[in-house]
Amino acid sequence: MELKSNHSSPVLTDPTPINKSRLGIHSSLLSYPQSGGSLSSGKYMTIPRKKPGKLDDVRSNGWLDAMKSSSPPRKKLIKDFNIEVAADDIDIAYCSWMIKYPSALKSFEQISKNAKSKKIAVFLDYDGVLSPIVDDPDRAFMSDAMRSAVRNVAKHFPTAIISGRSRDKVYELVGLTELYYAGSHGMDIMGPVSHTESDDHPNCIRSTDQQGKEVNLFQPAREFIPMIDENWPTIAQCVHDILKDYPRLRLTHGRKVLEIRPVIDWNKGKAVEFLLEALGLSGRDDVLPIYIGDDRTDEDAFKVLREGSRGYGILVSSVPKESKAFYSVRDPSEVKKFLKALVRCKKFEEA
Ligand SMILES: O=P(O)(O)OC[C@H]1O[C@H](O[C@H]2O[C@H](CO)[C@@H](O)[C@H](O)[C@H]2O)[C@H](O)[C@@H](O)[C@@H]1O
């Protein structure tokens, strides 16, 4: 993928059109910007936000030149992206970044066009996406308005929450029965009994949720549980003992701090693949998964969607970050707007 040389728009040319049809996605779906960055270091590239008046650092590290050569003139940039702020307030680094990761809200028309006659599946991270990031993880509540937006989305599209938190905790915070929940970075998945092939998966068992409703539980790390149960107090004691020598460090309870993962090849990307399979939506050209996340762990899911050219990753970030997502939104309030727009669009189609 490369930027067109005239730089008059952020449209990309694709030197490998064969992939588009092989992957079963209409070529128009791929006419959005592609990020070329690699996450091989496992770290985000965070570009400090600069006020327009303070260009020295930007200039000295070559950013300004790079931006000038790959961007249209300022006024055109504002027009193309329909950014509703005064030119003087524009954050150059952020706008430059948005060429690579356009706003999912501003691009909604394009997204809905590409989603036409496809079945959308919605995957949502929790912290930083449905709830704002706060100091106390136990107080990361989602607003009633956000809950209502998610409930409405789930009425119209298969919807799953994929979180690093324990499944119980995220269910407690979200409180909607009509969703799939994937906790512990996708290692603990609960969803309705589907009567599809995934029901017969070796790690899939029938259980009941807190309301006594029959559900499927998929726990690929199940075999590690007895070992973890057996060793947990010893490990916790060791960590506790070590921390005694570090009075400036504090040990708090629960998975949040002693987050110990078994060595298995499983992550949020695998969870998305599993859920698509469970929903009967895998390997279908008429399905458009949308995953919204803000964290490094969400990159595995963005990568799955990007590599398979299956759908859209939307990164929630108010600062530039290298990502495998296609689009961006700034914060949970924009996530809510996007979810509402999806529902409005669906209702309009159905009317
Ligand atoms: O996958 P997620 O749903 O995004 O969960 C990732 C982690 O989220 C929580 O921590 C983050 O949010 C907290 C509340 O806003 C914040 O205090 C903390 O700094 C963030 O890292 C949660 O506490 C972790 O267990 C999750 O792994």
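Residues numbered from 1 in each chain as written. Predicted model: local features only at pLDDT ≥ 70, side-chain atom pairs only at ≥ 80, totals over all residues. Heavy atoms only, no water.

Looking at an unreviewed UniProt entry, one finds the protein named Trehalose 6-phosphate phosphatase and attributed to Theobroma cacao. The Pathway (unreviewed entry) field of the UniProt record for the protein holds the comment "Glycan biosynthesis; trehalose biosynthesis." For the protein, the Cofactor (unreviewed entry) comment in UniProt is given as "a divalent metal cation". (UniProt positions renumbered as here; feature names shortened; annotations may be inferred.)

## Structural notes on the site of the ligand
Not every one of the 15 residues close to the ligand is listed here, only the nearest: Asp 125, Val 134, Ser 163, Gly 164 and Lys 268. Between the ligand and Tyr 126, the relevant distance is 3.3 Å, taken from an oxygen atom to a main-chain nitrogen or oxygen of the residue. For the ligand, whose accessible area on its own is 570 Å², the fraction buried by protein is 79%. Its residues assigned to classes, the shell around the ligand shows six nonpolar, two polar and seven charged. (Near = heavy atom within 4 Å. Polar contact = N/O pair within 3.5 Å; in protein donor to acceptor, adjacent residues only side chain to side chain. Areas by Shrake-Rupley, 256 points an atom, 1.4 Å probe, with all protein chains shown as cover. Nonpolar A, V, L, I, M, F, W, Y, C, P; charged D, E, K, R; others polar.)

## A look at a nonpolar patch on the surface
Together, Met 227, Ile 228 and Trp 232 make up an exposed nonpolar region whose accessible area comes to about 260 Å². Within the secondary structure layout, Met 227 lies in helix α9 (residues 225-244). Judged by relative accessible area, which is 41%, Met 227 ranks as partly exposed. (Patch = residues over 30% accessible without salt bridge, like charges linked within 9 Å, V, L, I, M, F, W, Y side chains within 5 Å. Salt bridge = Lys/Arg side-chain N within 4 Å of Asp/Glu carboxyl O. Helix = DSSP H or I, 4+ residues; strand = E, 2+ residues; numbered from the N terminus. Buried < 20%, exposed > 50% of the residue type's maximum accessible area, 1.4 Å probe, protein only.)

## A word on the pattern of salt bridges
By the definition in use, this model includes 13 salt bridges. Across the pair Lys 268 and Asp 125 runs a salt bridge, and its minimum N-O distance is 3.0 Å. Residue Lys 268 is found in helix α10 (residues 268-278), and its partner Asp 125 is found in the loop between β3 (119-124) and α7 (144-156); the two are separated by 143 residues along the sequence. Accessibility expressed as a relative area gives 2% for Lys 268, which makes it buried. Of the residues examined, Asp 125 reaches a relative accessible area of 3% and is grouped as buried. Close ionic contact of Asp 168 with Arg 167 constitutes a salt bridge, the shortest N to O distance being 3.8 Å. The class for Asp 168 is partly exposed, based on a relative accessible area of 46%.

## Section: the packing of helix α6 (residues 108-115) against helix α12 (residues 332-350)
The contact between α6 and α12 brings their axes to 11 Å, and the two run at 45°. Comparing their axes, α12 and α6 come out oblique. You can see that α6 and α12 cross each other, and the crossing is right-handed. In this structure, α6 uses Phe 108, Ile 111 and Ser 112 to contact α12, whose residues at the interface are Phe 338, Ala 341, Leu 342 and Cys 345. When grouped by side-chain class, the residues that make up the contact of α6 with α12 number six nonpolar, one polar and no charged. (Axes fitted to C-alpha atoms, helices over the stretch in contact; angles between N-to-C directions. Parallel < 35°, antiparallel > 145°, perpendicular 65-115°, else oblique. Left-handed = near helix turned anticlockwise from the far one by under 90°. Contact = heavy atoms within 4.5 Å.)

## Notes on α10
For α10, the tally of buried residues reaches eight of 11 residues, placing the bulk of the element in the interior. Of the positions making up α10, those classed as buried are Lys 268, Gly 269, Ala 271, Val 272, Phe 274, Leu 275, Leu 276 and Ala 278. One side-chain oxygen of the residue at the start of α10 lies 2.8 Å from the amide nitrogen of Gly 269, identifying that residue as Asn 267. Gly 280 sits one or two residues past α10 and shows a positive phi near 70°.

## Overview of unusual backbone geometry
Its identity is not glycine, yet Ser 117 carries a phi of approximately 60°, on the positive side. Position of Ser 117 relative to the elements: it lies in the loop between α6 and β3. Residue classification places Ser 117 among the exposed positions, given a relative accessible area of 69%.

## What about the confidence of the model for the protein?
Predicted confidence across the protein gives a mean pLDDT of 73, with 67% of residues reaching 70 or more. Averaged pLDDT values for the elements of the protein fall to 24 in strand β2 (residues 12-13) and rise to 98 in strand β11 (residues 327-329). In this model, residues 1-81 is a region of pLDDT below 50 whose contacts with residues beyond four sequence positions or in other chains number 127 contacts. Throughout residues 253-257 the model reports pLDDT below 50, and contacts reaching past four residues in sequence, or to other chains, amount to five contacts. (pLDDT = per-residue confidence, 0-100.)

## Digging into α12
For an α-helix the count is 3.6 residues per turn, leaving residues at separations of three or four pointing the same way. Between its first and last C-alpha, α12 extends 27 Å over 19 residues, near the 27 Å set by a 1.5 Å rise per residue. Buried residues along α12 sit against α6, β3, α7, β9 (287-293), β10 (312-316) and β11. (Expected span 1.5 Å × (residues − 1).)

## So, the packing of aromatic side chains
For the structure on display, the rule yields 10 aromatic pairs. Geometrically, the ring pair formed by Tyr 94 and Trp 97 is tilted, given 5.2 Å between the ring centres and 40° between the ring planes. Residue Tyr 94 and its partner Trp 97 are located together in helix α5 (residues 92-100), separated by three residues, close to a single helical turn. In terms of burial, Tyr 94 and Trp 97 fall into one category: buried. Plain terms: the ring middles of Tyr 312 and Phe 326 are 6.4 Å apart, the flat faces sit at 90° to each other, and that makes the pair edge-to-face. (Phe/Tyr/Trp six-rings, centres within 6.5 Å; stacked < 30°, edge-to-face > 60°.)

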